[in-house]
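Single-letter residue listing:
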Amino acid sequence: MGKALEGVRILDFTHVQSGPTCTQLLAWFGADVIKVERPGVGDITRGQLQDIPKVDSLYFTMLNHNKRSITIDSKNKKGLEILERLVKTCDVLVENFAPGALDRMGLTWERIQELNPRMIYASVKGFGPGPYEDCKVYENVAQCTGGSASTTGFRDGPPLVTGAQIGDSGTGLHLALGIVTALFHRTHSGKGQRVTCAMQDSVLNLARVKMRDQQRLTHGPLTEYSQYGEGIPFGDAVPRAGNDSGGGQPGRILKCKGWETDPNAYIYFITQAPVWEAICDVIGEPEWKTHPDYAKPPARLPRLNQIFARIEQWTMTKTKFEAMEILNKYDIPCGPILSMKELAEDKSLLATGTMVEVDHPTRGKYLSVGNPVKLSASPSDVRRSPLLGEHTEEILRDVLGYTAEEVTELKTVGATEVRKKEAAE
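So, how was this worked out
- Residues numbered from 1 in each chain as written.
- Predicted model: local features only at pLDDT ≥ 70, side-chain atom pairs only at ≥ 80, totals over all residues.
- Heavy atoms only, no water.
- Pairing = 2+ DSSP bridges.
- Helix = DSSP H or I, 4+ residues; strand = E, 2+ residues; numbered from the N terminus.
- Axes fitted to C-alpha atoms, helices over the stretch in contact; angles between N-to-C directions.
- Phe/Tyr/Trp six-rings, centres within 6.5 Å; stacked < 30°, edge-to-face > 60°.
- Buried < 20%, exposed > 50% of the residue type's maximum accessible area, 1.4 Å probe, protein only.
- Parallel < 35°, antiparallel > 145°, perpendicular 65-115°, else oblique.
- Left-handed = near helix turned anticlockwise from the far one by under 90°.
- Contact = heavy atoms within 4.5 Å.
- Nonpolar A, V, L, I, M, F, W, Y, C, P; charged D, E, K, R; others polar.
- 1 Å grid on protein atoms, 1.4 Å probe; cavity = no way out; pocket = protein on both sides within 12 Å on 5 of 7 lines; lining within 4 Å.
- Points joined across faces, edges and corners; volume = space filled by probe spheres on them.

(A) Representation of the sheet that holds strand β6 (residues 194–198) within the structure. Reading across the sheet, the six strands line up as β3-β2-β1-β4-β5-β6 and stay open at both edges, with parallel pairing between neighbours. Unpaired on one side and paired on the other, β3 (67–71) and β6 mark the two borders of the sheet. Put simply, the sheet's adjacent strands are angled 20° from each other on average, direction ignored. As paired elements, strand β4 (residues 92–95) and strand β5 (residues 120–125) share four bridges and run parallel to each other.

(B) Seen up close, the packing of aromatic side chains. Tallied over the full model, the rule gives six aromatic pairs. Considering the side-chain rings of Trp109 and Tyr121, the 5.8 Å spacing of their centres and the 50° angle between planes classify their relative orientation as tilted. Here Trp109, found in helix α5 (residues 109–115), pairs with Tyr121, found in strand β5; they are twelve residues apart in sequence, far enough to count as distant. Here Trp109 and Tyr121 have matching classes, each one buried. One aromatic cluster is present, formed by Trp276, Trp288 and Tyr294 through successive ring pairs.

(C) Here's a closer look at the packing of helix α1 (residues 18–28) against helix α7 (residues 168–189). Contact pair α1 / α7: the axes reach a minimum separation of 7 Å and the direction vectors enclose 45°. In this view, α1 runs oblique relative to α7, as classed from their interaxial angle. The two elements α1 and α7 meet at a crossing, and its hand is right-handed. On α7, the residues that touch Ser18, Thr21, Cys22, Leu25 and Leu26 of α1 are Asp168, Ser169, Gly172, Leu173, Leu175, Ala176, Ile179 and Val180. Its residues placed into classes, the contact of α1 with α7 shows eight nonpolar, four polar and one charged.

(D) Highlighting the layout of surface pockets. In this structure, the largest pocket spans a volume of roughly 1300 Å³. Elements supplying a minimum of two residues to the lining of the largest pocket: β2 (32–37), α4 (101–105) and β5. Partitioning the lining of the largest pocket into residue classes produces 19 nonpolar, ten polar and 14 charged. Within this model, the second largest pocket holds a volume of roughly 900 Å³. Lining the second largest pocket are 28 residues, with Gln17, Met62, Leu63, Ser169 and Val369 positioned closest to its centre. Among the secondary structure elements, those contributing two or more residues to the lining of the second largest pocket are α1, α2 (58–61), α7, α15 (340–344) and β11 (364–369). With four residues, α1 is the single largest residue contributor to the lining of the second largest pocket. Here the residues of the lining of the second largest pocket are counted per class, giving 19 nonpolar, nine polar and no charged.

See below:
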């Protein structure tokens, strides 16, 4: 069986996280992703957060699987010629540079269209057009400007960023969708187009339930939020609500057996209305099924703190896995708080390819997150990330048609390698 994106070639100018997340996903689905890097330097993440000296970091390897690496000096005249030949032969160009970086290389959108009218030019930006469009953005900045931080945390505490990389990786996933959409559009239009995804926009999209609540707030209090039951008035913006559920069903994180010494001995518990009677039986409060203070959801809302305190008395007598096993028998929505160590050791995730073991020539074997999307007719695999410039000669020869002599000449003039004299200096 072939892979879904076989035959699609990606010219990858991305670095760090947002762009590489996008291109790695496309590579997993079979696209030929050619990662352009600076000779002698490469993607900055190769050397960031290194756990083993003098090898590519996990930061780099886990975001650049299934790609090929070519080193090109874009300031070198011959290097620019290589880039233009790549533009002619690729289907998609992806970049997450600061605004204007590719223009300064000479690769404006107009020039790219002139070289290849079918080219799809995809960009990650921090902000869309507006007062902040030229500002530099990183993961946490995106979370803060996209509405996530203002609605994450506890009501009496400061805004918090989430551990999930919704700004960088979230934007990369959005951009990948935009790219495959543009590829499909090209099948009947015959033309390429610009695809742009701003990090602020992506975070706001992922925080859309909070924008829903912002509009509900104009018509009255948010009754599923804890502060409603505590009699605390709402302001004019959606508040932080701790671990309250983002849906209409109240939910909390509750302690389980061992919480005193295990920072992750907790379970998320949702008091879903259809299983309320089962919840009452499980926690030993059968009279709550008919009691006027607890029988119906509206009656329970002002008493959520009391209700969850009672449920927690029960969960504290069970490990998180014991509690989950019991609750699942009654279809009570719940989930254990799983640490990264527990996820890394979960054999079911390895069996499905969600976690994979990858062998690397310099750092050895390591665990990585695999493709979260499974296609029945076009499976994907995870291959190691490339060494810096590992495929330079291969791409020059097999993709662009350079002769052996021309490849040697490109090295000599510094188009694909740091000149020996410069390296010595």
